[in-house]
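Per-entry structural report
Below are the chains, spelled out letter by letter.
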Amino acid sequence: MKLTAFLLVALAAGRRATPAAVRLVITIAAFGLLVGPLLAIVVGSAAVALSALRRRRLRGTASDDAESAVLLLADVLALGLSSGLPPLGALREAAVEVPLSLRVEVEMLLRRTSTMGASSALATWEGSGERLFRLMARASLTGAPLLETVEAFAREVRHEAHARAQAAARRLPVKLLVPLAFLILPGFVVLVVGPALVGSLARLDIAP
């Protein structure tokens, strides 16, 4: 049985092309052969939950990175506007300071302005900077001060990020109850009560 478990683990670790979910199932099966199915189910449930949490955290991190890049663009754009640069010139200079993905987006937007005009290109743009660009288009059409519009956008984004951080902090105690109730406590019960229960059943000739 141990040899079979070791072969399963080697199979899961040795084939990098195998999907992560399949490798996880093989590893849990091998663990079950070594320590028993009940403990393997507990450990497997914990592994699945941690994997889902990691994927969710990665998605959140990507979203936060995109928002940070747009915020940086707004800050540098405001500096360019305050120094007297025209809107498109300030946007072109600000693009140099942001991450590559957003820089490519701004460069595509600037190329579009040469064919359909700045206001139309900004108003119809879709992408990570869509919200900022559409506010700029609205300011251009209504005659509102562009610098104040960009600065107000940056303040609003920072306020929203701060509000999300506070909300996440308030939800943290509730989230901690989930692994405590469904992952840690069952494993603790299995490890503490399991050996005593197996021993009692063995003395009663119930266990094989």
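Here the structure is shown first, and the text comes after it.
About the criteria used
The numbers attached to residues start from 1 for each chain and follow its sequence in the written order. Local features in this predicted model are restricted to residues of pLDDT 70 or higher, and side-chain atom pairs are both shown and tallied only at a pLDDT of 80 or more, whereas totals for entire chains, interfaces and linings draw on every residue. Hydrogens and water are ignored here; the side-chain numbers use all heavy atoms of the structure. Per the convention used, a helix needs a DSSP run of H or I reaching at least four residues, while a strand needs a run of E reaching at least two, with both numbered from the N terminus. Exposure classes here rest on a 1.4 Å probe applied to the protein chains alone. A residue is buried below 20% of its type maximum, exposed above 50%, and partly exposed in between. The contact definition used throughout considers only heavy atoms, calling two residues in contact when any of these lie within 4.5 Å. Residues belong to a common nonpolar core when they are buried Ala, Val, Leu, Ile, Met, Phe, Trp, Tyr or Cys residues joined through side-chain atoms within 4.5 Å. Put simply, a salt bridge is a Lys or Arg side-chain nitrogen that is within 4 Å of an Asp or Glu carboxyl oxygen. Between N-to-C directions, angles span 0 to 180 degrees; the directions come from axes that are lines fitted to C-alpha atoms, helices contributing only their stretch in contact. Note on angle classes: values under 35 degrees are labelled roughly parallel, values over 145 roughly antiparallel, values of 65 to 115 roughly perpendicular, and the remainder oblique. Should the near helix be turned anticlockwise from the far one by less than a right angle, the crossing is left-handed, and should it be turned clockwise, the crossing is right-handed. Amino acid classes used here: Ala, Val, Leu, Ile, Met, Phe, Trp, Tyr, Cys and Pro are nonpolar; Asp, Glu, Lys and Arg are charged; the rest, including Gly, are polar. Patch definition: residues above 30% relative accessible area lacking any salt bridge, with like charges linked at up to 9 Å and the nonpolar side chains Val, Leu, Ile, Met, Phe, Trp and Tyr linked at up to 5 Å. Accessible areas in this description were obtained via Shrake-Rupley with a 1.4 Å probe; residue shielding takes into account the shown protein chains only.

Helix and strand counts for the protein chain come out as eight helices and zero strands. The N-to-C order of helical and strand elements in the protein chain reads α-α-α-α-α-α-α-α. For the protein chain, the residues scored as buried account for 25% of the 208 residues in total. Looking at the protein chain alone, contacts between residues at least 24 apart form 48% of all its contacts between residues at least 6 apart.

This paragraph deals with the nonpolar core. In terms of nonpolar packing, the biggest core is built from 31 residues, with Leu73, Leu132, Phe133 and Val150 touching the most fellow members. Elements represented by at least two residues in this core include exactly α3 (37–82), α4 (87–95), α5 (100–116), α6 (118–124), α7 (130–142) and α8 (146–203). Per-element accounting of this core gives the leading share, nine residues, to α3. The contact partners of leucine 73, leaving out residues within four places of it in the chain, are Leu91, Ala94, Ala95, Val98, Leu102, Val106, Leu132 and Phe133.

Attention shifts here to the pattern of salt bridges. Following the criterion strictly, the structure yields five salt bridges and no others. Here arginine 164 ties to glutamate 67 by a salt bridge, and the two come within 2.6 Å at their closest N and O atoms. A residue pair is termed long-range when its members are at least 10 positions apart, and arginine 164 in helix α8 and glutamate 67 in helix α3 qualify at 97 residues. Look at arginine 164 and you get partly exposed, because its relative accessible area is 40%. The class of glutamate 67 is partly exposed, set by a relative accessible area of 23%.

Next up on the list: the environment of leucine 110. As for its position among the elements, leucine 110 is in helix α5. Overall, leucine 110 belongs to the buried group, its relative accessible area being 11%. For the pair formed by leucine 110 and leucine 91, sequence separation is 19 residues and the distance between their alpha carbons is 8.4 Å. Setting aside anything within four residues of it in sequence, one finds leucine 110 in contact with Leu88, Leu91 and Arg92.

Between α4 and α5, the shortest axis-to-axis distance is 9 Å and the interhelical angle comes to 155°. In terms of orientation, α4 and α5 fall into the roughly antiparallel class. Note that α4 runs across α5; the crossing there is left-handed. Residues Leu88, Leu91, Arg92 and Ala95 of α4 form the contact with α5, whose participating residues are Arg103, Val106, Leu109, Leu110 and Thr113. Here the contact of α4 with α5 is composed, by residue class, of six nonpolar, one polar and two charged.

A cluster of nonpolar side chains, contributed by Phe188, Val189, Leu191, Val192 and Val193, occupies part of the molecular surface with about 480 Å² of accessible area. With respect to the helices and strands, the residue valine 193 is situated in helix α8.

Topologically, threonine 149 is positioned in helix α8. Setting aside chain neighbours within four positions, we find threonine 149 in contact with Leu135, Ala139 and Ala144.

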